[in-house]
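Spelled out, the chains give:
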Amino acid sequence: MSIRRRTAGLLAGLAVAGSALFAPAANAATQTESYPETPAINAKLPIIHTTHGSDHIKANVLNPRPICNPWEDHRTVVYKATDKFMPAGTISTTNQTKKDIPLQQNLSKSQSISVSINGDRTETTSMNLGGGYEKDGASSSVGISHDITTKLGASASYSLSWEAGQSIGPYDVPPNHTGEATYGFRVLTMTGTQQYCKPNGTWSTPTFWSALQPVKNEVRVKLYDDLADSFAPNKDAQNTNEVVEEDKDPQADAEVVKNNEVPVEEQPVSEAEGKKEEAADKAKEEELKEENKEGENKEQQKLDLKPYLTTSGAKRDGFAGTVALAVENVGTDRYYGEFPATQFRIDVKTAEGPKGVDRLITPRSSKGAHIRDLGFDEKTSTRSFEVTLSNPINAGDVQKLAFLDFGDGKTKEGRLHNYIEVTQTSRIKGDESSYNDQKVDSRKATLNDFGKALPGTF
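If you're wondering where the values come from, they're calculated on a predicted model, not measured in any experiment. (Residues numbered from 1 in each chain as written. Predicted model: local features only at pLDDT ≥ 70, side-chain atom pairs only at ≥ 80, totals over all residues. Heavy atoms only, no water.)

Q: Please clarify how the overall build of the protein chain should be interpreted in this entry.
A: Along the protein chain, the regular secondary structure elements total four helices and 25 strands. Looking at the protein chain residue by residue over its 458 residues, the buried ones come to 42%. Long-range contacts, defined here as pairs at least 24 residues apart, represent 78% of the contacts in the protein chain between residues at least 6 apart. When the accessible surface of the protein chain is totalled, it reaches about 24,600 Å², and 49% of it is carbon and sulfur. (Helix = DSSP H or I, 4+ residues; strand = E, 2+ residues; numbered from the N terminus. Buried < 20%, exposed > 50% of the residue type's maximum accessible area, 1.4 Å probe, protein only. Contact = heavy atoms within 4.5 Å. Areas by Shrake-Rupley, 256 points an atom, 1.4 Å probe, with all protein chains shown as cover.)

If you want it as structure tokens, here you go:
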């Protein structure tokens, strides 16, 4: 929704808002919610942006099947995008007359914001340029940031500004109300990784990358009739149409209003609905078991990844140690594709010990894969991770994509013993082999370094 449309809606609704705001409220609580203007910010992630130096893949003496050209191909992957409003200043006025008065002021100082990149390899190399904008004399991946923002459905800008003398308003303020107009910038912040192509023609270990991308200038207007909402001078004092400007720090006062991971409140369900859901879950589990049995008897698939866990025999249950996610290509063809990204979800659950207690687990990526911590769910005692593949897996090969370094499970409430479930959540086109990659339980799929089965609790 544009500023023009939002302002028109505000002015059209002032009459209704005025009568509603004077209604008495007993023991009322104030709740403020903000939503982004662009629903397209919920686009499917990750977004992969690859920059190629040549129009074809070159032969590589180290790898008969390279997927990129060394030192000239680079890629940026965005896993999370957040929509923010960054205020630069506020003008306000209190109307104690019997008629509407305008809220308007010319700015006394200029404010600006420009694209900002952190963890960018391009500050010291020529990687990921993709645009002609330079900041502080150093080229960076601002072009990549610009293109990705466009894919998310927003109109990206390299820089935005409010200039001295520029007018804010007018916005009508009804009698006995305080009006505030906060002007600032709407920006997208994106976090992800960058990679370069190694000499063997595969992608390197990901490094952190983030960008602050300006989208548009924005004004947010609010009306108050209560001191709890906004400070107002003594109402008995005679009003003059005085407008006060307040400076703000855009970076310090950034208001997060939306990201691609929206929490959903769980609604209470009745006992009957609970039993119905439980029966549906059991039916789904039985269906999965039958599918697994059928899959074991199927002919070998062309595209088929089978995840399992590995750890050394020295890893004692409940104590510190490392567990690896290994993926075997049990299909007949090489497994590789960038779209959609191939991803696995790792759920670390509590087998024994105190419920709802988290355990220190440090994730590490390998073979160019990226592992992302999705957080801890106290209700289910589950810490989850997301693993995204970067490089191909040849038929018959095994790749250890990620490592989980478990801390000691001892707590004041007892020792934690965990197990792991692995599920492939995204696969390339043609992979229809889900019988061996859904809710793979570590208690049935853990091997040591020599291929011997282990109990699978950690």
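What follows continues from the structure just given.
Q: So what exactly am I meant to see when it comes to the sheet that holds strand E25 (residues 446-447) here?
A: Think of a sheet as strands paired side by side through backbone hydrogen bonds, with each pair either parallel or antiparallel. Taken in spatial order, the five strands line up as E17-E20-E15-E14-E25 in an open sheet, and their pairing is mixed. Each end of this open sheet is capped by a strand with a single partner; those strands are strand E17 (361-365) and E25. Pairing of strand E15 (residues 321-329) with strand E20 (residues 398-406), which is carried by eight bridges, proceeds in the antiparallel orientation. Across the sheet, residue Thr322 finds its bridge partner in E20, namely Asp405. (Pairing = 2+ DSSP bridges.)

Q: Any chance you could explain the sheet that holds strand E16 (residues 343-352) here in plain terms?
A: Read across the sheet, five strands follow the order E18-E19-E16-E23-E24 without closing on themselves; strand pairing throughout is antiparallel. A strand with exactly one partner marks an edge of an open sheet, and here the two such strands are strand E18 (370-377) and strand E24 (440-441). Pairing of strand E23 (residues 417-426) with E24 involves two bridges; the strand directions are antiparallel. For Glu421, the partnering residue across the bridge sits in E24 and is Asp441.

Q: Help me out: how do you make sense of the environment of Thr322 in this one?
A: Along the chain, the position of Thr322 falls in strand E15. Considering only alpha carbons, one finds Thr322 and Phe403, 81 residues apart in sequence, at a separation of 6.6 Å. Contact partners of Thr322, with chain neighbours within four places excluded, come to Thr310, Thr311, Lys315, Arg364, Phe403, Leu404 and Asp405. Reaching out from Thr322, the side chain makes a polar contact with the side chain of Asp405 at a distance of 2.8 Å. (Polar contact = N/O pair within 3.5 Å; in protein donor to acceptor, adjacent residues only side chain to side chain.)

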